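Single-letter residue listing:
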Amino acid sequence: MSGPSDFQPSNPALKWIERRLPIFGLIHSSFVAYPTPRNLNYWWTFGAILSMMLALQILTGVILAMHYTPHADLAFKSVELIVRDVNYGWLLRNMHACGASMFFFAVYIHMFRGLYYGSYKEPREVLWILGVIIYLLMMATGFMGYVLPWGQMSFWGATVITNLFSAVPYFGESIVTLLWGGYSVGNPTLNRFFSLHYLLPFVIAGVVVLHVWALHVAGQNNPAGVEPKTEKDTVPFTPYATIKDAFGVSCFLIFFAWFIFYMPNYLGDADNYIPANPGVTPAHIVPEWYYLPFYAILRSIPNKLAGVVAMFSAIIILCFLPWLDSARTRSSKYRPLAKQFFWIFVVVCILLGYLGSQPPEGIYVIAGRILTVCYFAYFLIVLPLLARIETPRPLPNSIADDVLAKSKGRAATAASVMLALVVAGGLFAGSTQNAKAEEGGSAPPAQSWSFSGPFGKYDRGSLQRGLKVYKEVCSACHGLSYVAFRNLADAGGPGYSEAQAAAFASEYKIKDGPNDQGEMFERPGRPADYFPSPFPNEQAARAANGGAAPPDLSLITKARSYKRGFPQFVIDFFSQYQEQGPDYVDAILQGFEDKAPAGVTIPEGSYYNKYFPGHAIKMPKPLSDGQVTFDDGSPATVKQYAHDVTTFLMWAAEPHMEARKRIGMQVFVFLIIFAFLMYFTKRKVWADAH
Amino acid sequence: MTTASSADHPTRRDFLFVATGAAAAVGAAATVWPLVAQMNPDAATIAAGAPIQVDLAPIAEGQDIKVFWRGKPIYISHRTKKQIQEAQSVALSSLPDPQPDSARVKAGHDQWLVVIGICTHLGCIPIAHEGNYDGFFCPCHGSQYDSSGRIRQGPAPANLAVPPYAFLSDTKIQIG
Ligand code: FES
């Protein structure tokens, strides 16, 4: 892309093509011979990482679309079926869902890098603006993708975000109706979001081509911020940059794999494991972590229209950055003041993200307003002002000089930067968890689970006992509709044989039909059947249970959570703690007390539960000692029942967990070995360049 | 610019490059596996393909029914004496895909023909009781099957396939 190339393939067939379509010359000049500054640091590998992420998202997305059903009644279920039944469906879904977060994580680093090193300055303004356009497209794509699983957060996120447009004067309502294709978010909305979610990544890919084109015309910026002058300042893209990028990518994959295999729900929201319900809004609507800073800006402005304008301006302002910051010196390395303000700005963004996850009340609102002012002040006051008053430190004469004069302090800076970013990432990531405050319930005590940690496995005995408790007690009111009898014989499950599962199934009566006479009939269950639900529909369930329909238990251990708080959620990231759901379910089952403590009034038809948010639960105490007898001599106590049934329900919610952790370990071992190999290969290759 | 292979430590360097390249190839292959395997039938589809039972009692002589197993139409024909007679007496040498009638029905249950109703040419569904052979006629490209489901005329290369099935009793079969 940097002009005609004199590259000629030697193979006659390739030569024949090259004369008609000079594609090999284009590839050679763009990705092989292309001169890159020799002093690029690892922050520059994020371009390659982002390309890889885009390709991966498109690939996994196209595959998921082969199995997904974009219909309001079927979408949630189809996602569950992908995870449960499709070969490696759980892996593909985790890759895609966590991949979105990783994509944003990488793009933020890429953007901050551009900000720090002044990569938006002349002659790279168009390159930068194309980048902002990609970022906007990514936000739209990410938002629409989050709607597709059609859980509670999907639905209400879609409602809140589309309602932003209702702030437009005069046309607001019509625009929103147009977006919805109805009078509220519904099936037409889901369908069009699916269509657009499929389209936009290809638009992004197109803009990425322009982005790379612009990059190859202007040439890459570099940490010194001085343009290459002689041959000595650059190295050819291949092998030098290629191998360095590949090493960067392999390190990033280790980070990515941590989420895919060990923390797939860490960045998600438990509420999204509850199917969309247009009648109930979750207590705290929180967008995905990557939108949080902008969400905080939106909420800190007390006027609807002004809030929406401020939120969009916070992104659009990036387009004007090349002109707001008119300082001649590019790299903040040589701008003592700009460097400090840059880090302040990073902290402001992270704090805004944190605030975005908190309930909009009290101190959080005030802090949000102050930080919003800081955010805009950085662009509108600090940068223009610094350009006029700051005296930059002397620049190196050339890139080659910069490489030679590598200061000793650099390793320390890099380390501190890395640390700051890890903390920032953890903070960002965990802030979603933090948002799920559950008022008025005590934190459930942490239990020890056989399935926790990287080597966790389900305790077979516990699963079998839990199944018994479910069958004899819970199933009277709660369905388990995503679990089929055949699953009882699956690897990583309760460990029954196929014959045992078939025998278990045949004890159930399943409604089938219509037969040749057009009538529905009952027949014994088969392994392919699903656990029948106790009530024919939600209304019946509601009517029979004092107005509160007992939830289906297939996903209950993933759909419930509680506030972990700071700094616990940061520690959770490293300790792989993911058992909020089971801890909560176990605690609820044991948390019933006959008498409410003084000062707590429980309404008629409700019961006191220590751990239930608000303490008044509609479910009467379900378990009591001696209610279920176990054949294996385990104690017939509520504690044991609660533990076993929770273990069983965790398996019901995540039947492939053992495979996930096992394959995760293999992937980790591989990736670490591979990263080492890449590192040494990179050193060997670069040995020639120094 | 220097190239990657210099004369100093050719073996160590080459080993490193080969090892890295090999690891990359292994990683790529392992990644492709789940991406392809996901296209195979999922667990629910496989479970739904379990054997089915069919009651033969309501099918009168000369009649046939169509049931579905694994998404395929299965013809179950209660053959007449004449049809059985025709199927058994034809000279094998005259058949494009020679197979005696006895190999296509269960011993002692000569009156029951159970075949997968998918034309072996290109997959259309032949119509029962049509054509010149008292069997099936495929409307797509004119293949004709006899009362034993054997190809007699037309472009189809093989006889209609017989699904795996067994008689549970005289009036009940299990397909699959
Ligand atoms: S498909 Fe039956 S004749 Fe071609």
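Here the structure is a predicted model, which is why all the values come from computation and not from measurement.

Rules behind the numbers
Residues numbered from 1 in each chain as written. Chains lettered and ligands numbered in written order. Predicted model: local features only at pLDDT ≥ 70, side-chain atom pairs only at ≥ 80, totals over all residues. Heavy atoms only, no water. Helix = DSSP H or I, 4+ residues; strand = E, 2+ residues; numbered from the N terminus. Rg over C-alpha atoms; globule rule 2.2 N^0.38 Å. Contact = heavy atoms within 4.5 Å. Disulfide = S-S within 2.5 Å. Buried < 20%, exposed > 50% of the residue type's maximum accessible area, 1.4 Å probe, protein only. Buried area = accessible area lost by both parts, 1.4 Å probe. Salt bridge = Lys/Arg side-chain N within 4 Å of Asp/Glu carboxyl O. Polar contact = N/O pair within 3.5 Å; in protein donor to acceptor, adjacent residues only side chain to side chain. Nonpolar A, V, L, I, M, F, W, Y, C, P; charged D, E, K, R; others polar. Phe/Tyr/Trp six-rings, centres within 6.5 Å; stacked < 30°, edge-to-face > 60°. Pairing = 2+ DSSP bridges. Axes fitted to C-alpha atoms, helices over the stretch in contact; angles between N-to-C directions. Domains from an automatic or database assignment. Parallel < 35°, antiparallel > 145°, perpendicular 65-115°, else oblique. Left-handed = near helix turned anticlockwise from the far one by under 90°. Arc of directions from axis to C-beta. pLDDT = per-residue confidence, 0-100. Core = buried A, V, L, I, M, F, W, Y, C linked by side-chain atoms within 4.5 Å. Expected span 1.5 Å × (residues − 1).

**Details of the overall build of chain A**
From N to C terminus, chain A includes 25 helices and 6 strands. Taken over C-alpha atoms, the radius of gyration comes to 28 Å for chain A, in line with the 26 Å a tight globule of 690 residues would show. Across its three principal directions, the C-alpha atoms of chain A cover 85 × 65 × 50 Å. When contacts within chain A are restricted to residue pairs at least 6 apart in sequence, those whose partners lie at least 24 apart make up 77%.

**Thoughts on the state of the cysteines**
Under the criterion given, the structure shown has 1 disulfide over all chains. Sulfur-sulfur distance for the disulfide between B:C124 and B:C140 comes to 1.9 Å. Taking the torsion about the sulfur-sulfur bond, which here is approximately -90 degrees, the covalent link between B:C124 and B:C140 counts as left-handed. One end of the pair, B:C124, is in the loop between β4 (112–116) and β5 (127–130); the other, B:C140, is in the loop between β6 (135–137) and β7 (144–145), with 16 residues separating them in the sequence. This cysteine, A:C98, is not joined by any disulfide, and A:C251 carries the nearest cysteine sulfur, 19 Å off. A residue is classified by how much of its surface remains accessible, and A:C98, at 3% relative accessible area, is buried.

**A look at the interface of chain A and chain B**
Each partner contributes to the interface: chain A provides 26 residues, whereas chain B provides 27 residues. Contact with chain B buries surface across chain A, with A:N87, A:K684 and A:D688 losing the most and accounting together for 24% of the total. Where chain A meets chain B, there are 0 salt bridges. Inspection of the chain A/chain B interface yields 5 residue pairs in polar contact (both at pLDDT 80 or more). Those elements giving two or more residues to the side of chain A that touches chain B turn out to be α3 (46–65), α5 (89–116), α10 (237–262) and α25 (657–687) of chain A. Ranked by residue count, the leading element in the side of chain A that touches chain B is α25(A), at 8 residues. Here the residues of the side of chain A that touches chain B sort into 18 nonpolar, 4 polar and 4 charged.

**Observations regarding the packing of aromatic side chains**
Two descriptors summarise a pair of aromatic rings, namely the distance from one centre to the other and the angle between the planes of the rings. Residues and elements named next belong to chain A. Going through the model one piece at a time under the given rule, you end up with 65 aromatic pairs over all chains. Here the aromatic rings of W258 and F668 are separated by 6.0 Å at their centres, their planes lie at 75 degrees, and the arrangement is edge-to-face. Here W258 is found in helix α10, whereas its partner F668 is found in helix α25, with 410 residues between them in sequence. By relative accessible area, W258 is classed as partly exposed at 21%.

**Section: the sheet that holds strand β2 (residues 64–69) of chain B**
All names here are of chain B. In space, the 3 strands of this open sheet follow the order β2-β3-β4, with antiparallel pairing throughout. On the outer flanks of this sheet lie β2 and β4, each paired with one strand and no other. Going across the sheet, the axis of each strand differs from the next one's by a mean of 20 degrees, ignoring polarity. Inspection of the sheet shows strand β3 (residues 72–78) paired to β4 by 5 bridges, in the antiparallel sense. Bridge pairing links H78 to W112 in β4.

**Considering the domain arrangement of chain A**
Under the domain assignment, chain A is made up of domain 1 (1–31), domain 2 (34–226 + 233–391 + 415–435 + 665–687) and domain 3 (460–483 + 530–655). Measuring from the centre of the C-alpha atoms in domain 1 of chain A to the corresponding centre in domain 3 of chain A gives 65 Å.

**What to know about the domain arrangement of chain B**
Domain parsing of chain B yields domain 1 (4–37) and domain 2 (47–175). Centre-to-centre, using C-alpha coordinates, domain 1 of chain B lies 55 Å away from domain 2 of chain B.

**A closer look at the packing of α10(A) against α25(A)**
All names here are of chain A. Remark: α10 packs on α25, axes separated minimally by 9 Å, with the N-to-C direction vectors making an angle of 165 degrees. On the basis of the axis angle, α10 is roughly antiparallel to α25. Like other packed secondary-structure pairs, α10 and α25 cross with a definite hand, here left-handed. Of the residues assigned to the contact of α10 with α25, the class counts are 25 nonpolar, 3 polar and 4 charged.

**A closer look at the pattern of salt bridges**
A complete count under the given rule lists 23 salt bridges over all chains for this structure. Ionic pairing is found between A:D402 and A:K333, a salt bridge with its closest N-O pair at 3.6 Å. Linking A:D402 in helix α16 (residues 399–404) with A:K333 in the loop between α13 (321–324) and α14 (336–356), this pair joins segments that are 69 residues apart in sequence. Residue B:R79 is joined to B:D101 by a salt bridge in which the shortest nitrogen-to-oxygen separation is 2.9 Å. Note that B:R79 is positioned in the loop between β3 and α3 (81–89) and B:D101 in the loop between α3 and β4, a separation of 22 residues in sequence. Each member of the pair, B:R79 as well as B:D101, is classed as buried.

**Examining unusual backbone geometry**
Each neighbour pair has its own omega, and for A:E122 with A:P123 the value is 5 degrees, a cis peptide bond. Locating A:P123 in the fold gives a position in the loop between α5 and α6 (125–147). Note that the residue after A:T238, namely A:P239, is joined by a cis bond; omega there is 10 degrees. Positive phi, close to 60 degrees, is recorded for A:W150, a residue that is not glycine. Counting through the fold element by element, A:W150 comes out in the loop between α6 and α7 (152–163). One non-glycine residue, B:D134, lies in positive phi territory at about 60 degrees. Structurally, B:D134 is set in the loop between β5 and β6.

**Topic: helix α8 (residues 172–180) of chain A**
Residue and element names in this part refer to chain A. Along α8, the residues classified as buried are G172, V176 and W180. Angular distribution of buried residues about the axis of α8 spans 65 degrees; they occupy a single face of the element. In the core, the buried residues of α8 are packed alongside α7 and α9 (187–218). Following α8 by one or two positions, G181 has its phi on the positive side, about 70 degrees.

**A look at the confidence of the model for chain B**
All names here are of chain B. Averaged over chain B, the pLDDT score is 90; the fraction of residues at 70 or greater is 93%. Confidence, expressed as mean pLDDT per element, reaches its minimum in chain B at helix α1 (residues 10–37) with 89 and its maximum at β4 with 96. Ignoring residues within four places in sequence, the model shows residues 1–7, a span with pLDDT below 50, making 11 contacts including any to other chains. Model confidence for the complex: the whole-complex pTM is 0.91, and ipTM, which rates the interface, is 0.85.

**Things to note about the nonpolar core**
All names here are of chain A. The biggest cluster of nonpolar side chains holds 124 residues, and the ones touching the most others in it are F104, Y135, F252, F294, Y375 and F379. With 17 residues, the top contributor of residues to this core is α5. Three or more residues apiece are contributed to this core by two domains, here domain 2 (34–226 + 233–391 + 415–435 + 665–687) and domain 3 (460–483 + 530–655). When sequence neighbours within four positions are dropped, the list of residues in contact with F294 reads Y108, Y135, M139, M311, A314, I315 and Y375. Among the nonpolar cores identified, the runner-up in size contains 44 residues, and I510, Y577, Y611 and L623 belong to it.

**Remarks on the sheet that holds β5(B)**
Residues and elements named next belong to chain B. The strand order across the open sheet built from 4 strands is β5-β6-β7-β8, with neighbouring strands paired in antiparallel fashion. Looking at strand neighbours, the two that pair on one side only are β5 and β8 (151–153), the edges of this open sheet. Judged from the 2 bridges that link them, β7 and β8 form a sheet pairing that is antiparallel. Across the sheet, Y145 pairs through a bridge with I151, a residue of β8.

**Things to note about the pairing of β3(B)**
Residue and element names in this part refer to chain B. With 6 of 7 residues buried, β3 is to be regarded as a mostly interior element. Where β2 meets β3, 6 bridges bridge the pair, whose relative direction is antiparallel. Looking at β3, one finds that W69 is bridged to K72. The turn linking β2 back onto β3 is made up of 2 residues, and R70 within it adopts a positive phi angle of 55 degrees.

**Notes on helix α24 (residues 638–653) of chain A**
Taking 1.5 Å as the rise per residue, α24(A) with 16 residues should run 22 Å; its terminal C-alpha atoms sit 22 Å apart, in good agreement. Where burial is concerned, most of α24(A) is hidden: 14 out of the 16 residues are buried.

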